[in-house]
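Here are the chains, one letter per residue:
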Amino acid sequence: PPGAEVQATAAAGTNAPAESQALQQFQVGQHVKYWSPSTNSWLETVVRAVRQRKKGNGLIYDLACKKGAFPAQIRPSPRGAARAALKKGRRPRLKGARPPA
């Protein structure tokens, strides 16, 4: 079933997404990270389209790197949060970054 590989990988102790995580809704143009089972890693990408699933409820996402990605394989990107802060006129603080002296 879809997501089974993701769940199995998460159980193996990697940084993969877990099925039980609350699913978020993402917007077109938003920077996100996509869990790629083929590379066993998170990839930086952008949401290109949001669609209703043909069978069952819920959404699927067309990303720059993957068409038809399931929400359980997507998480927000720190890069996207920094861009949103800049649009609001705030300077983003990235994890581990020091303010200028």
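Residues numbered from 1 in each chain as written. Predicted model: local features only at pLDDT ≥ 70, side-chain atom pairs only at ≥ 80, totals over all residues. Heavy atoms only, no water.

A short note on the confidence of the model for the protein
Put simply, the test is: Each residue carries a pLDDT score, the predictor's own confidence in it, on a scale running from 0 to 100. Here, two residues are considered to be in contact whenever any of their heavy atoms come within 4.5 Å of each other.
The pLDDT averaged across the protein works out to 75; a share of 55% of its residues lies at or above 70. Note that residues 1–13 has pLDDT below 50 and, in this model, 16 contacts with residues that lie over four places away or in other chains.

Some thoughts on the sheet that holds strand β3 (residues 59–63)
Counted only if it meets this: Here, any two strands with at least 2 DSSP bridges between them count as paired. To qualify as a helix, a DSSP run of H or I must reach at least 4 residues; to qualify as a strand, a run of E must reach at least 2; elements of each kind are numbered from the N terminus. Between N-to-C directions, angles span 0 to 180 degrees; the directions come from axes that are lines fitted to C-alpha atoms, helices contributing only their stretch in contact.
Pairing is antiparallel across the open sheet formed by four strands, whose spatial order is β3-β2-β1-β4. At either margin of the open sheet sits one strand with a lone partner, and together these are β3 and β4 (74–76). Along the sheet, successive strands turn relative to each other by an average axial angle of 55 degrees, direction set aside.

What about the pairing of strand β2 (residues 41–52)?
Note: strand β1 (residues 31–36) against β2, six bridges, orientation antiparallel. When the bridges of β2 are listed, S36 appears paired with S41. Between β1 and β2, which pair antiparallel in sequence order, lie four residues; one of them, N40, sits at a positive phi of approximately 55 degrees. Here β2 pairs with β3 via five bridges, running antiparallel.

A short note on unusual backbone geometry
At N40, a residue that is not glycine, the phi angle is positive and equals roughly 55 degrees. Note that N40 resides in the loop between β1 and β2.

A look at the packing of aromatic side chains
Just so we agree on the cut-off: Two rings from Phe, Tyr or Trp (for Trp, the six-membered ring) form a pair when their centres sit within 6.5 Å of each other. Planes less than 30 degrees apart are called stacked, planes more than 60 degrees apart edge-to-face, and all others tilted. Exposure is judged per residue with a 1.4 Å probe applied to protein chains only, and the accessible area is read against the type maximum: over 50% gives exposed, under 20% gives buried, and values in between give partly exposed.
Enumeration over the complete set of coordinates arrives at two aromatic pairs. Both rings, one in F26 and one in Y61, keep their centres 5.7 Å apart while their planes meet at 70 degrees; by these two values the pair is edge-to-face. Here the residue F26 occupies a position in the loop between α1 (4–11) and β1, and Y61 occupies one in strand β3, the gap between them amounting to 35 residues. Residue F26 is classed as buried on the basis of its relative accessible area of 2%. Judged by relative accessible area, Y61 falls into the buried class, the value being 1%.

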